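Inside the fold
Below are the chains, spelled out letter by letter.
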Amino acid sequence: MTKKMSISTSKTSLVLLLCQIISALDVPLDSKLLEELSQPPTITQQSPKDYIVDPRENIVIQCEAKGKPPPSFSWTRNGTHFDIDKDAQVTMKPNSGTLVINIMNGGKAEAYEGVYQCTARNERGAAISNNIVVRPSRSPLWTKEKLEPNHVREGDSLVLHCRPPVGLPPPIIFWMDNAFQRLPQSERVSQGLNGDLYFSNVQPEDTREDYICYARFNHTQTIQQKQPISVKVFSMDSLNDTIAANLSDTDIFGAKPVTERQPVLLTPTGSTSTKVELRGNVLLLECIAAGLPTPVIRWIKEGGELPANRTFFENFKKTLKIIDVSEADSGNYKCIARNALGSVHHVISVTVKAAPYWITAPRNLVLSPGEDGTLICRANGNPKPSISWLANGVPIAIAPEDPSRKVDGDTIIFSHVQERSSAVYQCNASNEYGYLLANAFVNVLAEPPRILTPANKLYQVIADSPALLDCAYFGSPKPEIEWFKGVKGSILRGNEYVFHDNGTLEIPVAQKNNAGTYTCVARNELGKIQNEVQLEIKDPTMIIKQPEYKVIQRYGQVSFECIIKHDSTLLPTVTWLKDNDELPDDERFLVGKDNLTIMNVTDKDDGTYTCIVNTTLDSVSASAVLTVVAAPPTPAIIYARPNPPFDLELTGQLERSIDLSWLPGDENNSPITSFVIEFEDALHEPGVWRYQTEVPGSQTTAQLKLSPYVNYSFRVIAVNRIGRSQPSEPSEQYLTKSASPDENPANVQGIGSEPDNLVITWEPLKGFQSNGPGLQYKVSWRQKDVDDEWTSVIVANVSKYIVSGTPTFVPYEVKVQALNDLGYAPEPSEVIGHSGEDLPMVAPGNVQVHVINSTLAKVHWDPVPLKSVRGHLQGYKVYYWKVQSLSRRSRRHVEKKILTFRGNKTFGMLPGLEPYSSYKLNVRVVNGKGEGPASPDKVFKTPEGVPSSPSFLKITNPTLDSLTLEWGSPTHPNGVLTSYTLKFQPINNTHELGPLVEIRIPANESSLILKNLNYSTRYKFYFNAQTSVGSGSQITEEAVTIMDEAGILRPAVGAGKAMASRQVDIATQGWFIGLMCAVALLILILLIVCFIRRNKGGKYPVKEKEDAHADPEIQPMKEDDGTFGEYSDAEDHKPLKKGSRTPSDRTVKKEDSDDSLVDYGEGVNGQFNEDGSFIGQYSGKKEKEPAEGNESSEAPSPVNAMNSFV
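Residues numbered from 1 in each chain as written. Predicted model: local features only at pLDDT ≥ 70, side-chain atom pairs only at ≥ 80, totals over all residues. Heavy atoms only, no water.

Take the overall build of the protein chain next. For the protein chain, the helix and strand inventory stands at six helices and 89 strands. Contacts in the protein chain between residues at least 24 apart in sequence constitute 65% of all its contacts with a sequence separation of at least 6. About 62900 Å² of surface is accessible on the protein chain, with carbon and sulfur atoms providing 51% of the total. (Helix = DSSP H or I, 4+ residues; strand = E, 2+ residues; numbered from the N terminus. Contact = heavy atoms within 4.5 Å. Areas by Shrake-Rupley, 256 points an atom, 1.4 Å probe, with all protein chains shown as cover.)

Shown next, in the form of C-alpha cells:
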C-alpha cells in the first residue's frame, strides 16, 4: 500500500530520525540496529558561505558528514577539482573532510582565496556543501594626507571626515583624543554611520588639536588611526577685538554676533533618497542636521506606523533602527529636523528585497522497496527564486536516469522505489541576492522484522490501573504486530485492549485475570519474529483505618491511627507529616507501627497530620486535623467541624465540563464558609485525591472543568471556622473522552554530559495531562546559528534523550512536544542548550610574575581564546610551589599550592610566600569539564626577609661573674644572616629591670662567654638574628650568677627560666643566734646607762657614749670642725645632730637621728666581704633606694639578720 511520507505519524514509538529523517519507516533508537543500517551521506557541519579568515592563522575549512558506510570526501576550488595531495600546505583531517591550510609555516592566505565546495560520498549517494567563499581579512593602513587646521566661527556647522581605509570586513569607527578617551557626543556633536564626526553648531569648548578617528578591524584585532585633526573655534567677542585692533577709528566694521539659524540637513543631502535592504536584516536610516539652536530629529512613516517592538532610535534619535525587516516595512520614511526657527525634512524611500528563504525544505526519506514518496523544495524571495535539482551533486538533467523518479518543478515524485533508487538530492533556490542549498536523501531499505524489547521483560502494575506492554520493533517493509496471551493463546482483540502503532499493548484497566505471559509477533514479507513479556498485577495499597479529626485540651495526649492493607509482595513505608512538612524533632512525638501519638499537647501542635504510605508501585495518604483548645471553665456551646456533605450527584455531562450537586451536613453550631471539591483519577492515580475547586458555603452546586482521558470521581469537604469536615462519600465515576494533549512538558533542558553528546531532559506530563492513550514525546533539536534543519525523534515512557555525535560545546535549539494517539500538543517553545564540554585545549600565555615583597607576588596572564575553552569558562587555576630556599640551597618535598580565580580574570595575588626562595608556577584554564593544559613553568624568586627567632638559646657554666651563652641559627633565615644581637639587663629581687646592655655578634658565631657580671644576680637576655632587611623576632632567657661556693649551691640553669639554687638560712645557725644575743644584751646595757645619765642631768662627753659601743666608726662629730661635741641638759629637747665619717672623701648627711645599723650596708655598694666585714660607703638616705644597676639577690647577711631582729 502506498504511504504518504511525513515527519512522523501520531502513532510512532521510540524514533531516531536519521539526520533529518522524514520517513515512512520509523527507525527506533537502538545502537546495534543503527550500526547495521545503511545510510547515504549527510553534511553535519560546514564553514559559512562567506568565510573571512585571519591571514596570520591557519585556514580551517570545515566539512563533516555522517553515513553508513562512512563517506569519503573530495573538494572543488573555483569549480574545478582541488587535488590536496599536490599541495604540501593543505591537509585533510582523518575521518573528516575538513581542510587545514598551513599559513603559519610559510603559506600565504591570499594564494588560497577562492570558492570551495565539499562532496561527501558513499555507495548510497553523494552530499555536497554550500559554496564556501574564502577571503582573507584585510586591515590596510591609512593613506597619508596633509590635514589643514579647521578654523570655524562659533555657531557654524562642521564635519570632520574620517574616510577610513577599505578593509575586509569593514572596520568599526570611533573618535578619541590623544589620551585614548572617547570624545563626548550629544545631540549637538555625533558620529554618523559613515564614521564622520558632525557638529550641528560649534562652541568655543570644541577647540582642540586631537580629534583622532580610529578604525578597528575586529577580525585581525588591529586598530588604525588617522592623523589628529585640529579645530579652532573663534568666538565673536575675540574676533571683534582682533578686528578692532587692526582698523583705524574711522573704519566702521565689526563681526556680527552669533546668529540663530534654522535647520539644514548635513546628511543625507537633497529632499529624497532611496535605500534597499534585505529581508531579515537591520534597517538603519540616518538624518543629521545643522542649526542653532541644535535641531531635534523626529521620524515618521508616511501612510503607516513604525513597527512596534522592532523600532529603536539611536545616536540621539538621529538614527532609525528597525530589526528583522520584512517586505511589509517597505515605504517612505521621513525625518524632520526642527528648532525654534523652523524645520527641514528628508524622505527616504525604502525597498525591502529578500534573498531566498525556505517555505518547505526537502526532507530525508526512508522507504521500503515498492513504496512511493515525494521530495518537496519550496522557497520564496524577492525576486522569486528559481529552483534547480541535483542528484548526488550532478544536475538532475544529466544525472543517471532512475525510472522511479519524476521531476515536477519544485517536487520530485518517486514511484515504486527499489534499493538502487537510494541517492542524495540537492535543491538549489537562488536569486540575485543569494541562494539556498539543501541535501535530502532517499534511502531504500529492505530489512526483516526485529523486536528490540528485551525478552521476558517483567511488568508490574497495580490493579485497576493501565498496563503498557512494549514491543519495540523495526523492519522494512513495516512489519505487522500481533499480540497473544500465553504461548498457545488466540490473538488479542476487542475494546479491552488498545494497540499502539509503536507495538505497545495497553490494558486500560488491568485486573488480576490479566496477569500472565504475553507474546508479541512481528512479521513482514521478509520474515517473522516473536518475543514474550510477563505481566504481574498487584493489589492496591489502602488505608483501611484513617486518622480522624481530634479536639484535645492543652497538655493532654492524642493519638492518630493509620492502619493499612497492601500486596504481600510489596514492602510499604509509612511516613507522617505535619502541615505537609516533617514532624517536629521533639521526643513528645511517638511514631508507632500503626499510629502517631503526641504527648503533652501544646498550642503549636495544632495542625493537619498526614499519613503517607508508599510502595514501589503506588502511594496513598490520609489526613486529619488536630485542634488544641483550653479547658472550658464552664459548660458552653460546643462548636465543631461540620459533618461531611452527602448525596453527591453528577449531571450535565460534557466532554470538558460536568455539574456536581450535593447536600450539606450538620454545621455543628458554626456556619459553613466554603466547600472544597476534590477529584480522583482512577485511570492514572487511583486513591490520590487532588484539589479541584472551592465554592462559597451558600452554594451546593458547581460546574467543574474536566480534562480528557480521565476517569473522574468527586468528593466534597465542608469548611467552617473550626476546620474542615471529613470528605463526603465519592460520587459515581465519569470517564472523559480522549483528545490530543493541551500542554507540553516543562523544564526542558539541553546539557551535554560528554564532549560529543547533548542530553535533552524534561518533566514528563502527569497521567491526567496526557489527554489520551499512547502518550509520547517528540524531541527535536538543531544546532543554533547554523543553517540546519530540525532533527526529531519520538520517545515514550522516558524523560531524557541523548543525542550522540555532536560537536563539542556548541549551542543547540531544543524543543519537546507531547503527542498521543489522537494528535500533537501545540507547538512548543524553543530553549537553548549546549552540547557537552571538553577539557580546554590551550594554556594561558604570556605568564608574568611581579614580586611585590618577600611574601607576596602578583601573577598576570593572557586569557585563552574562548573557542579553545570548549565549555563554560569557570576561571583560572594557578599552581605554584617552592623549589628551594636560596639561603640553604637544599631541596625539599615539593608541596604544590593551588589558587583559583573565578571568571575571566587575568591576574591574581600569591600570598604566604617564603622569603629568599625560588618558586615555580603555571596557570591553567578551568571549565565545567576540568582543567586545560598548564602553561610553561615560570620561575621567580622572592627577596630576603627578616629571619625567624634563633632555634634555641642555652645558658651554661654559671660562675661568680660570667655566663656562657650557646644558640642555634634560625630555622627560617629568610636570607643571608649578617649578625646576631644580644641584649641583657639585671633583675633585682623586686623584679625591677636594670640598665640594658647590647652586644653585636658575627653571624658565624654560635656561643659567647659574658664576663664581669655581678655575682648572685639574675639577668634577662634578649637574642635575635639579622639579615640585610632587618632584625627578626627575638628569643628570651633568664639566668643567675652564683654566690660564695662555700655556703651557696651552684644555681641550676636550664632551657627555660633560670632558677637560683636553694640557699642556707644562717638565721637558724647556733653561732649566729649567740652573736645576736650578745649584741642585744650590749644594746640593752647602753640604753640603761643612757637613761640613768640623762636623769642625772648635766653634761657628759659624747665620747663616753661612743666608747660604750663596739664600733668606733659611728661616733658623732660636729658639723663645723669635725671635733666631738658634748650633750647638755639645755639641749635635751632639741634635735640631735649627728655627723658621719666619709671614708672616700665623700660626705653624706644624715637628716634624722637613728642609732640603728639598718641604714648601713644597704646602699648601692654596701656589701660584706667574705669574712663578714662591711665595705663601701654609708648610705646617704634613711630609706632604701632601688638599684640603678644590678642588685643582688637578698642573700643572708649579719646586717639583714640584725634588721629583722631589731
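For the rest of this paragraph, the subject is the state of the cysteines. Here the structure, examined in full by the defined rule, presents six disulfides. Across the disulfide from Cys287 sits Cys335; the S-S distance is 1.8 Å. Because the sign of the S-S torsion sets the handedness, a value of about -70° for the bond joining Cys287 and Cys335 places this disulfide among the left-handed ones. With Cys287 in the loop between strand 22 (283–286) and strand 23 (288–292) and Cys335 in strand 27 (residues 331–339), this residue pair connects regions lying 48 residues apart in the sequence. (Disulfide = S-S within 2.5 Å.)

The next subject is the sheet that holds strand 59 (residues 674–681). For sheets, the rule is that strands pair by backbone hydrogen bonds, running either parallel or antiparallel. Strand order in the open sheet formed by four strands is 60-59-62-63, and the pairing between neighbours is antiparallel. Each edge of the open sheet carries a strand with a single partner, namely strand 60 (685–696) and strand 63 (734–735). (Pairing = 2+ DSSP bridges.)

Strand order across the open sheet formed by three strands is 49-54-53, with antiparallel pairing between neighbours. Here the strands that pair on one side only, and so sit at the sheet edges, are strand 49 (558–561) and strand 53 (589–591). On average, each strand axis in the sheet is tilted by 15° relative to the strand beside it, whichever way the strands run. In this structure, strand 53 lies alongside strand 54 (residues 595–598), joined through three bridges in antiparallel fashion. In the strand pairing of strand 54, Phe589 is matched with Ile598. (Axes fitted to C-alpha atoms, helices over the stretch in contact; angles between N-to-C directions.)

Turning next to the pattern of salt bridges. Under the definition given, this model contains 38 salt bridges. The shortest N-O distance in the salt bridge between Asp838 and Arg870 comes to 3.5 Å. Taken together, the residues span a long stretch of sequence, with Asp838 in the loop between strand 71 (831–834) and strand 72 (845–853) and Arg870 in the loop between helix 3 (866–869) and strand 74 (873–885) at a distance of 32 residues. Glu1038 is paired through a salt bridge with Arg1018; the nearest N and O atoms lie 3.7 Å apart. You can see Glu1038 sitting in strand 85 (residues 1035–1040) and its partner Arg1018 sitting in strand 84 (residues 1018–1026), a full 20 residues away along the chain. Through salt bridges with shared partners, a single ionic network connects Arg153, Asp156 and Arg261. (Salt bridge = Lys/Arg side-chain N within 4 Å of Asp/Glu carboxyl O.)

Counting residues in each nonpolar core, the largest one holds 30 residues, and the members touching the most others are Ile59, Ile61, Trp75, Ile101, Tyr116 and Val134. Sorting elements by how many residues they give to this core places strand 9 (residues 114–122) first, with three residues. Here Ile59 is in contact with Val53, Leu99, Val100, Ile101, Ile103, Ala109, Tyr112 and Val134, once residues within four sequence places are set aside. Residues Leu660, Phe675, Leu706 and Val710 belong to the second largest nonpolar core, which totals 20 residues. (Core = buried A, V, L, I, M, F, W, Y, C linked by side-chain atoms within 4.5 Å. Buried < 20%, exposed > 50% of the residue type's maximum accessible area, 1.4 Å probe, protein only.)

The two faces of strand 31 (residues 378–382) differ: Ala379 and Gly381 on one face are buried, but Arg378, Asn380 and Asn382 on the other face are not. Note that strand 28 (residues 342–360) and strand 31 share four bridges and pair antiparallel. Following the sheet pairing, Ala354 is matched in strand 31 by Asn382.

Before going further, it helps to examine the environment of Val366. Secondary-structure assignment places Val366 in strand 29 (residues 365–367). Residue classification places Val366 among the buried positions, given a relative accessible area of 0%. C-alpha separation for the pair Val366 and Asn443, spaced 77 residues apart in sequence, amounts to 4.8 Å.

Another aspect to go through is the environment of Glu447. Take Glu447: it is sitting in strand 38 (residues 447–451). Note: C-alpha distance between Glu447 and Asn524 (77 residues apart in sequence) is 9.1 Å. Aside from chain neighbours lying at most four places away, what touches Glu447 is Leu37, Phe474, Gly475, Ser476, Pro477, Asn524 and Leu526. Here the side chain of Glu447 touches Arg450 through a polar contact of 2.8 Å, side chain to side chain. (Polar contact = N/O pair within 3.5 Å; in protein donor to acceptor, adjacent residues only side chain to side chain.)

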